[in-house]
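These are the residues of each chain, in order.
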Amino acid sequence: MDCAFDNLDAAGFLEIWQHFDADDNGYIEGKELDDFFRHMIKKLAPQEKVTEERVQRVKQRFMSAYDVTADGKLQIQELANMILPEDENFLLIFRRETPLDNSVDFMKIWRKYDIDSSGYISAQELKVRLSALFQQHRKKVSSDKLEEYTDTMMKIFDKNKDGRLDLNDLARILALEENFLLQFQIDASSKEERKRDFEKIFDHYDVSKTGALEGPEVDGFVKDMMGLVRPNMTGPELDKLRAVLLHHCDVNNDGKIQKNELSLCLGVKPNI
């Protein structure tokens, strides 16, 4: 693939992404995908005729190799892996940062990035975190490159163009998986089903296995629970809802939500 996009840098990658993600939905898909592979073939072999059959053949070959989620779409990380040289793949650094298995892991990272606890990540906060990540992975990056990477990420992920990143923007950067709670029936028909679902849910968010939700575990639970009805929740909104949940559920006022406390809040009798 390098021969198709020689010497591609972050700014060039941004231009390609914005051109082919024509509807700005965070994916290259459908006609956009065909257009991208048609463009790629022209770059690879400008003297050869580009037929529809060849476009589909090349698309199938590369999608089988790079479409990690196997959803028939290219996420931004997948495109970066496909066309950026490794030393310019600034998005790869995020995938190496930590295993992102659930919203609890995500909220740990969110708190780390939101240095001033404003509920948003400014360009300066993003740059500070990027610099720390590159140092952590012993990769030397010039101040100009750091500015370029920060600027590129803000232009790609700051969807409402307010000069800062919110919860949903960071979720796109880190390719956070689907909301864990979507797999459960809210109106489970029997007490046994509700009890079984409660056990699975509590176990999922009690990452530390202490029998209580605390810190980012509460954050992750609130994010997913409210995400069922408000998918574009902001950081400040999450903090308010977190305070409401603790007020109603934290009976002993220890700053945690014990298993029995959450069961009382949700009207479910747990297996103790």
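Because the structure is a prediction, the values reported are computed rather than measured. (Residues numbered from 1 in each chain as written. Predicted model: local features only at pLDDT ≥ 70, side-chain atom pairs only at ≥ 80, totals over all residues. Heavy atoms only, no water.)

**Q** In this structure, what is going on with unusual backbone geometry? I would like to understand it.
**A** Keep in mind that most residues, glycine aside, have a negative phi and that most peptide bonds are trans. Even without glycine at this site, Lys 161 takes up a positive phi of about 55 degrees. With respect to the secondary-structure elements, Lys 161 resides in the loop between α8 (143–157) and β2 (164–165). Overall, Lys 161 belongs to the exposed group, its relative accessible area being 54%. Phi is positive for Lys 209, close to 55 degrees, though the residue is something other than glycine. Its place among the elements puts Lys 209 in the loop between α10 (191–205) and β3 (212–213). (Helix = DSSP H or I, 4+ residues; strand = E, 2+ residues; numbered from the N terminus. Buried < 20%, exposed > 50% of the residue type's maximum accessible area, 1.4 Å probe, protein only.)

**Q** I keep staring at the state of the cysteines and nothing clicks. Help me out?
**A** Here a disulfide denotes one covalent bond, and it connects the sulfur atoms of two cysteines. Going through the model one piece at a time under the given rule, you end up with 1 disulfide. Note that Cys 249 is cross-linked by a disulfide to Cys 265, the S-S spacing being 2.0 Å. Taking the sign of the torsion about the S-S bond as the criterion, the disulfide between Cys 249 and Cys 265, at about -130 degrees, is left-handed. Remark: Cys 265 occurs in helix α13 (residues 259–266) and Cys 249 occurs in helix α12 (residues 235–249); sequence separation between them is 16 residues. Relative accessible area serves as the criterion here: at 2%, Cys 249 is assigned to the buried category. (Disulfide = S-S within 2.5 Å.)

**Q** Would you mind going over the UniProt feature "domain: EF-hand" (unreviewed entry) in the protein with me for this structure?
**A** Within the UniProt annotation, "domain: EF-hand" (unreviewed entry) is assigned to residues 8–43, 101–136, 145–180 and 193–228. Structurally, residues 101–136 comprises 69% helix and 6% strand, and the distance from its first C-alpha atom to its last is 21 Å. Taken end to end, residues 145–180 is 56% helix and 6% strand, and its two terminal C-alpha atoms sit 37 Å from one another. (UniProt positions renumbered as here; feature names shortened; annotations may be inferred.)

**Q** Sorry if this is basic, but what is going on with the side chain of Lys 127 here?
**A** Along the polypeptide, Lys 127 turns up in helix α7 (residues 123–136). In this structure Lys 127 comes out as buried when scored by relative accessible area, which is 19%. Contacts of Lys 127, omitting those with residues within four sequence positions, involve Leu 146, Glu 147 and Thr 150. (Contact = heavy atoms within 4.5 Å.)

**Q** Help me understand the packing of aromatic side chains in this model?
**A** The description of an aromatic ring pair rests on the distance of the ring centres and on the angle between the ring planes. For the coordinates displayed, the defined rule picks out 11 aromatic pairs. On the numbers, 5.5 Å between centres and 85 degrees between planes, the contact of Phe 20 with Phe 36 is edge-to-face. With a gap of 16 residues between them, Phe 20 in helix α1 (residues 10–20) and Phe 36 in helix α2 (residues 31–44) connect regions that are remote in the sequence. For the pair Phe 20 and Phe 36, one class covers both residues: buried. Ring plane angle 15 degrees and centroid distance 5.2 Å describe the contact between Phe 90 and Tyr 149, whose orientation is recorded as stacked. In this pair, Phe 90 is assigned in the loop between α4 (76–83) and α5 (92–95) and Tyr 149 in helix α8, connecting sequence segments 59 residues apart. Look at Tyr 149 and you get buried, because its relative accessible area is 3%. An aromatic cluster is present here, built from Phe 20, Phe 36, Phe 37, Phe 62 and Tyr 66 joined pairwise through their rings. The residue whose ring lies beneath Lys 73 is Tyr 27, and the NZ or CZ to ring-centre distance is 4.0 Å. (Phe/Tyr/Trp six-rings, centres within 6.5 Å; stacked < 30°, edge-to-face > 60°. Lys NZ or Arg CZ within 6 Å of the ring centre and 35° of its normal.)

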